[in-house]
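Here is what each chain is made of, one letter per residue.
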Amino acid sequence: IYYQINLHYKMSYIINKSFKLIGMFVCLSLSACAQKVDVLNLFKFREIPSSMFQDYVIKNYSYPTDVYVIPGESLNNKSVKEATLVLQTVLDQHSKVLLPNMTIVISDKGIALNSNQELYFQPNSKIVLAPSKIGKYQLISIKDVKNVKVINPNLEGDRENHIGNIGEQGHGISINGSSNVVIQGFMIKNFLGDGIYIGTADNIRGSSSIQIKNGIV
């Protein structure tokens, strides 16, 4: 798998910081045990401010002249199942697609991208997963394809309202057995599995030349 140089350095920095945080947590745990303090209350989950997304989004992006713009009205008053079908139908009919500037709620069936496909998000475009009860899904599946771009994706999972207690394989973007894929300017949050998963297809075909650039997971 090809990783961009700057991503490699960032990961090294994150790993280095992680070990320091682990050490700090152990020290705090030992100290807290001695003082009978509830360590878990010292750490609280904080939502990532949406404003941070704007630091990574590609601004003033010039969309291809032949991009197909999905009309917002084609998704108005649609059920979750219908909205999912509308998106997939458009993706199967057009190689370059621009989402409407709105939030779209889809089912855990997700959407699958095709070879030579480009998917663009506008500033207020967002795909949200409807509450699911299954343990394995991909909001965006990139499987057995090549030459794919996903620009400025804003995705949100169902961690806060998942039905049941399984979902560790519920991913935001899943890349399997694919090559020449670019994911850039992303905000991916609240998935029970991985925000972005990179792996094989059917445990045989690996992925290569995958670029993950500038975003928050």
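Up top is the structure these notes are about.
Let us look at the structure shown here. Keep in mind that this is a model prediction, so the values were computed, not measured.

## Description of the overall build of the protein chain
Looking only at helices and strands, the protein chain has two helices and 13 strands in total. Look at the contacts in the protein chain between residues 6 or more apart in sequence, and 70% of them connect residues 24 or more apart. Surface summary for the protein chain: the accessible area is close to 12500 Å², and the carbon and sulfur share equals 54%.

## Things to note about the environment of Gly167
If you trace the backbone, Gly167 turns up in the loop between β9 (154-156) and β10 (169-176). The exposure class of Gly167 is buried, given its relative accessible area of 3%. As for Gly167 and Lys133, which are separated by 34 residues in sequence, their C-alpha atoms are 7.7 Å apart.

## Thoughts on the nonpolar core
Looking at soluble globular proteins, one finds that nonpolar side chains tend to be buried together. In this structure, Ile142 and Ile183 are the most contacted members of the largest nonpolar core, which totals 35 residues. Contributions of two or more residues to this core are made by α2 (80-93), β3 (103-106), β6 (126-129), β7 (136-143), β8 (146-151), β10, β11 (179-189) and β13 (208-216). Here the element with the most residues in this core is α2; it accounts for five residues. When sequence neighbours within four positions are dropped, the list of residues in contact with Ile183 reads Ile142, Val150, Pro153, Ile173, Ile175, Ile196, Gln211, Ile212 and Lys213.

## Considering the side chain of Thr84
In this structure, Thr84 sits in helix α2. Judged by relative accessible area, which is 4%, Thr84 ranks as buried. A distance of 2.8 Å separates the side chain of Thr84 from the backbone oxygen of Val80, its partner in a polar contact. Residues in contact with Thr84, not counting those within four places in the same chain, are Ile106, Ser107, Lys109, Gly110 and Ile111.

## What to know about the sheet that holds strand β12 (residues 196-199)
Taken together, the four strands give an open sheet; going across it, the order is β4-β7-β10-β12, and neighbouring strands pair in parallel fashion. Both edges of this open sheet fall to β4 (111-112) and β12, since each of them pairs with a single strand only. Here seven bridges tie β7 to β10, and the two strands are oriented parallel to one another. Looking at β10, one finds that Tyr137 is bridged to Gly170.

## A word on the pattern of salt bridges
A complete count under the given rule lists six salt bridges for this structure. Note that Asp144 and Arg205 form a salt bridge whose closest N and O atoms lie 2.9 Å from each other. One end of the pair, Asp144, is in the loop between β7 and β8; the other, Arg205, is in the loop between β12 and β13, with 61 residues separating them in the sequence. When its relative accessible area of 37% is taken as the criterion, Asp144 is described as partly exposed. When its relative accessible area of 34% is taken as the criterion, Arg205 is described as partly exposed. A salt bridge links Arg159 to Glu160; its shortest N-O distance comes to 3.4 Å. Its relative accessible area of 60% is what places Glu160 among the exposed residues. Residues participating in the shared-partner salt-bridge network are Lys143, Asp144, Asp202 and Arg205.

Quick notes on the rules
Residues numbered from 1 in each chain as written. Predicted model: local features only at pLDDT ≥ 70, side-chain atom pairs only at ≥ 80, totals over all residues. Heavy atoms only, no water. Helix = DSSP H or I, 4+ residues; strand = E, 2+ residues; numbered from the N terminus. Contact = heavy atoms within 4.5 Å. Areas by Shrake-Rupley, 256 points an atom, 1.4 Å probe, with all protein chains shown as cover. Buried < 20%, exposed > 50% of the residue type's maximum accessible area, 1.4 Å probe, protein only. Core = buried A, V, L, I, M, F, W, Y, C linked by side-chain atoms within 4.5 Å. Polar contact = N/O pair within 3.5 Å; in protein donor to acceptor, adjacent residues only side chain to side chain. Pairing = 2+ DSSP bridges. Salt bridge = Lys/Arg side-chain N within 4 Å of Asp/Glu carboxyl O.

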